[in-house]
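Each chain, written out:
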Amino acid sequence: MGRKKYFRYGEKETAYLKSRDKKLGAVIDAVGPVRRELDPDLFSAVARHIVGQQISNKALAAVWGRLLDGLGKVDAATVLEAGEEKLHSFGMSFRKASYIMDFARKVDAGDFRLAALKTMSDAEAVAAL
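Just so we're clear, the structure is a prediction, and the values are computed from it rather than from any experiment.

Description of the side chain of Lys-96
Its location among the elements puts Lys-96 in helix 6 (residues 94-109). The side chain of Lys-96 sits in the buried core without any salt bridge; Glu-84 is the nearest counter-charge, 14 Å away. With near-sequence residues (within four places) excluded, Lys-96 lies in contact with Ile-50, Val-51, Gly-52, Gln-53 and Ile-55.

Given below as structure tokens:
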């Protein structure tokens, strides 16, 4: 298994955030640097964000762990092979399983090109997703 990658930021970024919000600045000073793990696979990253919507990080970790254990790899092919019922059995709602299935179908059919996200601005990527 490869080395984990983390979101990188430095003093410039934290200074900007601290200058914009004094309360946030106090939290940054109290907590210090945060290591946020990155998922370099775009399909997996989108699926993980769908799973994580409106649940705690602890719940996300549990559901995501079961999903990885059950599928081995989270990509369009494994999601389509598993189906909505199996996705739901890992602990996510049927609605989230449906969203992930729909995304997998669009990626598999070529209606949504993940590689195109890399060249889009943030606003364009949000609109596309």
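Description of unusual backbone geometry
Unusually for a residue other than glycine, Gln-54 sits at a positive phi of about 60°. With a relative accessible area of 86%, Gln-54 lands in the exposed category.

A few points about the packing of helix 4 (residues 57-71) against helix 5 (residues 76-89)
Close contact between helix 4 and helix 5 brings their axes to 11 Å; oriented N to C, the two are set at 130°. Put simply, helix 4 runs oblique to helix 5. As for how helix 4 packs across helix 5, the hand of that crossing is right-handed. Residues Leu-67, Gly-70 and Leu-71 of helix 4 lie in contact with helix 5, whose contacting residues are Thr-78, Val-79, Ala-82, Lys-86 and Leu-87. Split by residue class, the contact of helix 4 with helix 5 holds five nonpolar, two polar and one charged.

Some details on the packing of helix 3 (residues 42-52) against helix 6
Axis separation between helix 3 and helix 6 bottoms out at 9 Å; the angle between their running directions is 160°. Relative to helix 6, helix 3 is oriented roughly antiparallel. Every pair of crossing elements has a handedness; the one defined by helix 3 and helix 6 is right-handed. Residue-level inspection shows Phe-43, Val-46, Ala-47, Ile-50, Val-51 and Gly-52 of helix 3 in contact with helix 6, the latter providing Lys-96, Tyr-99, Ile-100, Phe-103, Ala-104 and Val-107. When its residues are assigned to classes, the contact of helix 3 with helix 6 shows ten nonpolar, one polar and one charged.

Reading guide: rules and limits
Here the residue numbering is sequential within each chain, running from 1 through the sequence in written order. Side-chain atom pairs in this predicted model are given and counted only at pLDDT of 80 or more, local residue features only at pLDDT of at least 70, and totals for whole chains, interfaces and linings cover all residues. Based on all heavy atoms of the structure, the side-chain values leave hydrogens and waters out of the count. Helix and strand definitions follow DSSP, with helices as H or I runs of at least four residues and strands as E runs of at least two, each counted in order from the N terminus. Each residue's exposure class comes from its accessible area (1.4 Å probe, protein chains only) as a fraction of the maximum for that residue type: buried when under 20%, exposed when over 50%, partly exposed otherwise. His is not counted, nor are the chain ends, whereas Lys and Arg count as positive and Asp and Glu as negative. Salt bridges, as used here, are contacts in which a Lys or Arg side-chain nitrogen is within 4 Å of a carboxyl oxygen on Asp or Glu. Residues count as neighbours in contact if any of their non-hydrogen atoms are within 4.5 Å of one another. Every axis in this analysis is a line fitted to C-alpha atoms, fitted for helices over the stretch in contact. Angles between the N-to-C directions lie between 0 and 180 degrees. For classification, angles of less than 35 degrees are called roughly parallel, those exceeding 145 degrees roughly antiparallel, those between 65 and 115 degrees roughly perpendicular, and all remaining angles oblique. Two helices that cross are described as forming a left-handed crossing if the nearer one is turned anticlockwise from the farther one by less than a right angle, and a right-handed crossing if clockwise. Lys, Arg, Asp and Glu make up the charged group, whereas Ala, Val, Leu, Ile, Met, Phe, Trp, Tyr, Cys and Pro make up the nonpolar group; the residues left over, Gly among them, are polar.

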